[in-house]
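Close look at the chain arrangement
What follows is the residue order along each chain.
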Amino acid sequence: MSLQKIYSEIHGAVWKLECAVNDRVNCEDTLILLESMKMEIPVSATCNGIIHDICVTEGEIVSEGQLLLILEPI
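Small disclaimer: the values here were computed from a predicted structure and weren't measured.

1. Comments concerning the overall build of the protein chain
The number of helices and strands found in the protein chain is 0 helices and 8 strands. Helices (α) and strands (β) of the protein chain occur, in sequence order from the N terminus, as β-β-β-β-β-β-β-β. What you see for the protein chain is a C-alpha radius of gyration of 11 Å, in line with the 11 Å of a compact globule of 74 residues. Taken along its principal axes, the extent of the C-alpha atoms in the protein chain is 35 × 20 × 15 Å. Looking at the protein chain as a whole, 34% of its 74 residues are labelled buried. Across the protein chain, every contact between residues at least 6 apart in sequence was considered, and the portion connecting residues at least 24 apart equals 58%. Put simply, the protein chain shows about 4600 Å² of open surface, and 49% of that area lies on carbon and sulfur atoms.

Below, the structure written as structure tokens:
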């Protein structure tokens, strides 16, 4: 299977990373919490897999459509 790229659906700040590189995650697990307008928006895994790369850091401002992380399906 090919790597799954997960993008931000909003403009906001990375409030908290809930995973690390090489973590094993299940479909719909929360990977990142984004904050926008005092609301926390979870970014979830699209499939079962292993975190291949995290492209953002806590506190970073992200734009809509920005690459957040790469997931290797298992």
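2. Some words on the nonpolar core
One finds L31, I32, I51, L69 and L71 to be the most contacted residues of the largest nonpolar core, which totals 17 residues. For this core, the secondary-structure elements that each account for two or more residues are β4 (30-36), β6 (49-54) and β8 (67-73).

3. A closer look at the sheet that holds β8
Ordered by their spatial adjacency, 4 strands build an open sheet running β1-β8-β6-β3, and the pairing between neighbours is antiparallel. Lying at the two open borders of the sheet, with one neighbouring strand each, are β1 (4-7) and β3 (24-25). Here β6 pairs with β8 via 5 bridges, running antiparallel. Pairing of D53 across the sheet is with I70, part of β8.

4. Thoughts on the environment of D53
Mapped onto the elements of the fold, D53 is located in strand β6. Note: C-alpha distance between D53 and T30 (23 residues apart in sequence) is 15 Å. Ignoring anything within four residues of it in the chain, the contact list for D53 reads V21, L69 and I70.

5. Some words on the sheet that holds β4
Read across the sheet, 4 strands follow the order β5-β4-β2-β7 without closing on themselves; strand pairing throughout is antiparallel. Only two strands of the sheet have a single partner each, and these edge strands are β5 (39-44) and β7 (61-62). With 2 bridges connecting them, strand β2 (residues 12-17) and β7 associate as antiparallel partners. Following the sheet pairing, G12 is matched in β7 by V62.

Quick notes on the rules
Residues numbered from 1 in each chain as written. Predicted model: local features only at pLDDT ≥ 70, side-chain atom pairs only at ≥ 80, totals over all residues. Heavy atoms only, no water. Helix = DSSP H or I, 4+ residues; strand = E, 2+ residues; numbered from the N terminus. Rg over C-alpha atoms; globule rule 2.2 N^0.38 Å. Buried < 20%, exposed > 50% of the residue type's maximum accessible area, 1.4 Å probe, protein only. Contact = heavy atoms within 4.5 Å. Areas by Shrake-Rupley, 256 points an atom, 1.4 Å probe, with all protein chains shown as cover. Core = buried A, V, L, I, M, F, W, Y, C linked by side-chain atoms within 4.5 Å. Pairing = 2+ DSSP bridges.

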